[in-house]
Amino acid sequence: MSAVDRLPAVTLAELNAEAELLTRVDRKYVVPAADLDALVTAIAGLRVLEIDGRRASRYESTYLDTVGLDSWTTSAHARRRRWKVRTRVYADSGERWLEVKTRGRRGATVKERLPHDGVEVSGGADAWVRERLGAAHVRGVDPTGLVATLHTSYLRTTLLLPGGSGRATIDRDLRWTSAHGTAEVGDVLVVETKSASAGPGPLDRRLWELGHRPTRISKYGTGLALLTPDLQTNRWHRVTSRHLAAHLTIRTEVAA
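Calculation criteria
Residues numbered from 1 in each chain as written. Predicted model: local features only at pLDDT ≥ 70, side-chain atom pairs only at ≥ 80, totals over all residues. Heavy atoms only, no water. Buried < 20%, exposed > 50% of the residue type's maximum accessible area, 1.4 Å probe, protein only. Helix = DSSP H or I, 4+ residues; strand = E, 2+ residues; numbered from the N terminus. Arc of directions from axis to C-beta. Polar contact = N/O pair within 3.5 Å; in protein donor to acceptor, adjacent residues only side chain to side chain. 1 Å grid on protein atoms, 1.4 Å probe; cavity = no way out; pocket = protein on both sides within 12 Å on 5 of 7 lines; lining within 4 Å. Points joined across faces, edges and corners; volume = space filled by probe spheres on them. Nonpolar A, V, L, I, M, F, W, Y, C, P; charged D, E, K, R; others polar. Salt bridge = Lys/Arg side-chain N within 4 Å of Asp/Glu carboxyl O.

A.B. asks: Where do I start with helix 5 (residues 202–209) in this structure?
C.D. replies: Because an α-helix packs 3.6 residues into every turn, residues spaced three or four apart end up facing the same way. Listed in full, the buried residues belonging to helix 5 are Leu203, Asp204, Arg206 and Leu207. When helix 5 is viewed along its axis, its buried side chains cluster within an angular range of 165° and face the same direction. Just downstream of helix 5, Gly211 is the residue with a positive phi angle, here 90°.

In structure tokens:
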């Protein structure tokens, strides 16, 4: 039994009431899976999300971008008007959402979502996406012209941090799929802390004690770069070459 299995449980309603955090400050870490127990056992008051007896849930996301990869480019070059549009499926329940992520004040991440069945931005969802992007001052993007560029799947465990200090997610078994092939990473975790303030929380401080510092990793940015040879020189080169390289399996599609 892992340390996560021994943590007290929290319901989804309790988690959202205490730390929904659709506007938040994120920090991301790439951590060896072997460090998980040492990470969670040192924090008193930590709780884990449990739904129908499950403490880990399968997530699937399909990222939508312009043909010219404008969304990827805004992140690759750290532009202020960064944005992402994706559909998300909670595979265990079948729940489906359309999500827009933009940058708010002081670099905070703003996530907004709409119930949505399918991948295309259509059926009125285009107006909703256009409004979200417009509010974030993203110009020149036609939601109806967005196309699916990358599919991701992973197993996620969600933690509620003590004392109202936020929440965290632990993702493992990451798999990316695009028209160019597939990439999988094993034996490492992507840990993301999410808080309402810019200061570090208890999980950040514990990660630092274990020698882990925040790193640039984006499921969309990193995955697309791994599977698209023309995009190899980018801001995620360090994480792919230093943190992921030894754990990656890439299968490239060969044109007939």
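A.B. asks: Would you take a moment to explain the side chain of Thr66 for this structure?
C.D. replies: On the secondary structure map, Thr66 appears in the loop between strand 4 (57–65) and helix 3 (70–76). Within the structure, Thr66 has its side chain in polar contact with the backbone nitrogen of Asp70 (distance 2.9 Å).

A.B. asks: Just to check I follow, could you spell out empty space enclosed by the protein for this structure?
C.D. replies: Gaps between atoms show up when a probe of the same size as a water molecule is rolled over them. Applying the stated criterion across every chain yields a total of two cavities of 30 Å³ or more. Roughly 50 Å³ of volume is contained in the largest cavity. Partitioning the lining of the largest cavity into residue classes produces three nonpolar, one polar and three charged. Of the volumes computed, that of the second largest cavity is approximately 30 Å³. Lining the second largest cavity we find Leu161, Ser165, Thr193, Lys194, Ser195, Gly201 and Asp204.

A.B. asks: How should the pattern of salt bridges be read in this particular structure?
C.D. replies: Oppositely charged side chains can pair when the atoms bearing their charge come close. Applying the stated criterion across every chain yields a total of 16 salt bridges. A salt bridge links Lys219 to Asp171; its shortest N-O distance comes to 2.7 Å. Here Asp171 lies in strand 9 (residues 167–178) and Lys219 lies in helix 6 (residues 219–227), a separation of 48 residues in the sequence. This pair shows no difference in class: Lys219 is buried, exactly as Asp171 is. By sharing partners, the salt bridges in this structure join Arg86, Glu99 and Arg113 into a single network.

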